[in-house]
Amino acid sequence: MNLSDKARRKFLVKVTQNVAVAVTGGAVWSYLLTEQATAGTFAIRPPGALAEKDFHAKCIKCGQCVVACPYDTLKLAAPGEPAPIGTPYFTPRDEPCYMCPDIPCQVACPTGALEPELSKIEDSRMGLAVIDIENCLSWIGLRCEVCYRVCPVKNDAITIEENPRKISKHAKFVPLVHSSACTGCGICEKACPTEVAAIRVVQPQLVQGKIGEHYRLGWKTQNGITQNFKPDLKVSPRQKEPPKTAPGMDYLNSEKL
Amino acid sequence: MTPLPPKVKLGPNGQPVRPFVMPGSFWGKLSVWRYIIYRRIVQFTTLLLFFGTFHWGWTIFEKPVLSGNLSSSTLLGIIPMADPFATLQMLLTQHWLHSDVLIGASIILLLYTLSGRAWCSWVCPVNLITDLAGWLRKRLNIPDAFPVQRKTRYYVLGLTLVLSVITGVAAFEWVSPISVFHRGVIFGIGLGWTALVAIFVFDLLILKHGWCGHLCPLGAFYALTGKAAQLRISFDTPTCTHCCECVRVCPEPQVLNFKKAGETGMISSGECTNCARCITVCPEDTLHLSLRHKITVKKSNERNLL
């Protein structure tokens with residue numbers, strides 16, 4: 001090896017080493033980031049918060065929503081708390097969202113991590129209340145119904161239903177949560193009188209299922225709820241207008257049978 | 001036999017080199033410390049305004065004084081401010097942001113384009129920790145554990161931008177000890193103090209001026225954007241004796257390049273944080289805080305520079 005070869009070799013080794021440091025460091029760093037970003041599955045976000053992934057990208061962690069909140073509801077997650085570092089969240093059992101109609105937290109957000117389009121607080125979906133029916137006083141058979149009474153959108157988000165009891169003539173009056181109207185404010189969780197709340201707010205994707213597009217709910221198509229069912233035009237090419245319901249579906253419900 | 005006259009070292013301007021002597025009087029000392037005192041006042045006042053607005057509901061004309069934190073804030077309910085580096089990282093995750101934060105980031109970017117890296121020494125709260133570590137390190141005379149190049153910070157800056165694109169979150173903002181600190185002071189720090197202890201120990205025992213001077217990508221960002229800053233330390237070439245008292249106190253001593261300073265009449269490097277420590281220790285009154293467009297280059301009467 002002559003001198004220039006040695007110099008070249010030295011240079012290449014140096015470059016490779018630097019690249020190795022950058023790649024190793026970058027790998028550890030991005031592990032930390034993704035670890036942090038996926039740690040927030042249980043965090044209940046302020047109203048209008050985008051889906052977690054977009055929220056993580058757009059939240060600048062400035063805490064202006066926390067300052068704007070007139071209650072002690074919102075917190076910025078410090079390291080070690082159950083939400084990704086620096087992001088706003090609240091613990092409904094400690095302090096729920098009282099659903100201010102002017103949504104000051106969302107107005108204060110400078111980045112749009114709390115969706116600027118949200119204009120009615122009733123449209124927000126901070127979480128979804130779920131009832132532990134094994135420990136709910138009403139489901140056990142007592143008259144409680146506190147969650148129903150405190151619910152800011154009662155009769156839509158929480159209803160009280162009759163539920164016959166097997167061994168008694170008396171029916172139970174049980175609360176039911178409807179995801180179509182529940183905002184996840186957590187006032188029910190705060191008010192629940194059991195030692196550990198039997199109604200709790202969680203992120204909807206943790207508890208909500210999805211039946212899938214292939215189930216055709218024939219009895220609902222009459223009301224126009226078709227799960228976006230689109231008839232296959234190849235089946236009946238001669239028809240000018242596509243049928244509103246799936247072909248051959250209605251006979252089960254027709255009066256002729 | 002007459003005693004030989006004591007050997008006097010002469011500077012390049014032919015004047016004798018005098019060391020910096022700490023004045024004995026209290027007011028003299030205060031004058032030497034004045035920029036450190038100003039900086040602490042600015043740093044603490046900034047944090048206090050955030051803290052007071054959040055915890056005690058401070059308002060002026062019924063508007064919250066300063067809400068948010070150093071990542072993004074609103075002054076008097078109307079003027080938005082935002083960390084331009086954090087905003088850049090967030091834009092790199094391919095998410096368009098609301099105009100408030102974009103306007104705020106432009107305002108702060110303009111501020112530090114004019115005032116250089118003044119953020120680092122006048123506002124950033126981590127500066128309190130690293131200054132303390134630096135002061136203690138000098139007293140204990142601790143050598144560096146291993147050498148690290150100062151340009152490492154630019155690689156960290158580059159890596160931050162790349163990782164923001166790859167991971168889809170603002171890579172530095174999510175781990176930044178700066179944010180952990182000011183967020184913690186205002187909203188509660190949790191386990192965040194461990195990050196601050198880590199920086200303190202790193203700066204004290206491992207690498208001199210380690211975090212601010214070698215690694216911090218935010219400092220690197222402002223060093224790049226503040227390259228043409230208006231606020232600069234002017235350098236009066238004819239009076240300088242190269243006594244190097246300024247170099248001894250400077251946290252970024254590589255910026256005190258006398259040859260370059262003589263050519264431009266100022267400390268032109270963007271890495272200078274405008275902390276003004278050098279000004280008060282200069283025995284010849286060579287250095288001043290000044291504005292770039294007012295600085296004129298004075299010819300040195302170099303005699304025996306060889």
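Quick caveat: nothing in here was measured; it's all calculated off a predicted structure.

Criteria and thresholds
Residues numbered from 1 in each chain as written. Chains lettered and ligands numbered in written order. Predicted model: local features only at pLDDT ≥ 70, side-chain atom pairs only at ≥ 80, totals over all residues. Heavy atoms only, no water. Phe/Tyr/Trp six-rings, centres within 6.5 Å; stacked < 30°, edge-to-face > 60°. Helix = DSSP H or I, 4+ residues; strand = E, 2+ residues; numbered from the N terminus. Buried < 20%, exposed > 50% of the residue type's maximum accessible area, 1.4 Å probe, protein only. Lys NZ or Arg CZ within 6 Å of the ring centre and 35° of its normal. pLDDT = per-residue confidence, 0-100. Contact = heavy atoms within 4.5 Å. Buried area = accessible area lost by both parts, 1.4 Å probe. Polar contact = N/O pair within 3.5 Å; in protein donor to acceptor, adjacent residues only side chain to side chain. Salt bridge = Lys/Arg side-chain N within 4 Å of Asp/Glu carboxyl O. Axes fitted to C-alpha atoms, helices over the stretch in contact; angles between N-to-C directions. Parallel < 35°, antiparallel > 145°, perpendicular 65-115°, else oblique. Left-handed = near helix turned anticlockwise from the far one by under 90°. Nonpolar A, V, L, I, M, F, W, Y, C, P; charged D, E, K, R; others polar.

## A word on the packing of aromatic side chains
Here's step 1: Taken as a whole and judged by the stated rule, the model has 14 aromatic pairs over all chains.
Here's step 2: When the ring of Tyr112(B) is compared with that of Tyr222(B), the centres are 4.7 Å apart and the planes differ by 55 degrees; the resulting orientation is tilted. Linking Tyr112(B) in helix 4 (residues 99-115) with Tyr222(B) in helix 11 (residues 217-225), this pair joins segments that are 110 residues apart in sequence.
Here's step 3: Tyr222(B) gets classed as buried once you look at its relative accessible area, which sits at 2%.
Here's step 4: Feature note: the residues Phe85(B), Tyr112(B), Trp119(B), Phe172(B), Trp211(B), Phe221(B) and Tyr222(B) constitute an aromatic cluster, connected by ring pairs.
Here's step 5: A cation sits over an aromatic face here: Lys61(A) above Trp174(B), 3.5 Å from the ring centre.

## A closer look at the confidence of the model for chain B
Here's step 1: Scored by pLDDT, chain B comes out at a mean of 87, with 95% of its residues at no less than 70.
Here's step 2: Reported confidences for the modelled complex are a pTM of 0.82 and an ipTM of 0.84.

## Topic: the interface of chain A and chain B
Here's step 1: Contact residues are listed per partner, giving 31 residues for chain A and 38 residues for chain B.
Here's step 2: Both sides together, the interface formed by chain A and chain B hides about 2,900 Å², and carbon and sulfur atoms give 72% of it.
Here's step 3: When the buried area of chain A at its contact with chain B is split by residue, Trp29(A), Leu33(A) and Ile60(A) rank highest and sum to 23% of it.
Here's step 4: Our enumeration of links across chain A and chain B arrives at 10 residue pairs in polar contact (both at pLDDT 80 or more).

## What to know about the pattern of salt bridges
Residue and element names in this part refer to chain B.
Here's step 1: One pass over the full model with this rule turns up 15 salt bridges over all chains.
Here's step 2: The salt bridge involving aspartate 144 is made with arginine 137; its shortest N-O contact spans 3.2 Å.
Here's step 3: Of the residues examined, aspartate 144 reaches a relative accessible area of 42% and is grouped as partly exposed.
Here's step 4: Arginine 153 is paired through a salt bridge with glutamate 271; the nearest N and O atoms lie 3.3 Å apart.

## Looking at the packing of helix 4 of chain B against helix 11 of chain B
Residue and element names in this part refer to chain B.
Here's step 1: Running from N to C, helix 4 and helix 11 point in directions that differ by 70 degrees, and their axes come no closer than 8 Å. On the basis of the axis angle, helix 4 is roughly perpendicular to helix 11. Of the two elements, helix 4 crosses helix 11, and the hand of that crossing is right-handed. For the pair helix 4 and helix 11, the contacting residues are Ile108, Leu109, Tyr112 and Thr113 in the first and Phe221, Tyr222 and Thr225 in the second.
Here's step 2: Residue composition of the contact of helix 4 with helix 11, by class: 5 nonpolar, 2 polar and no charged.

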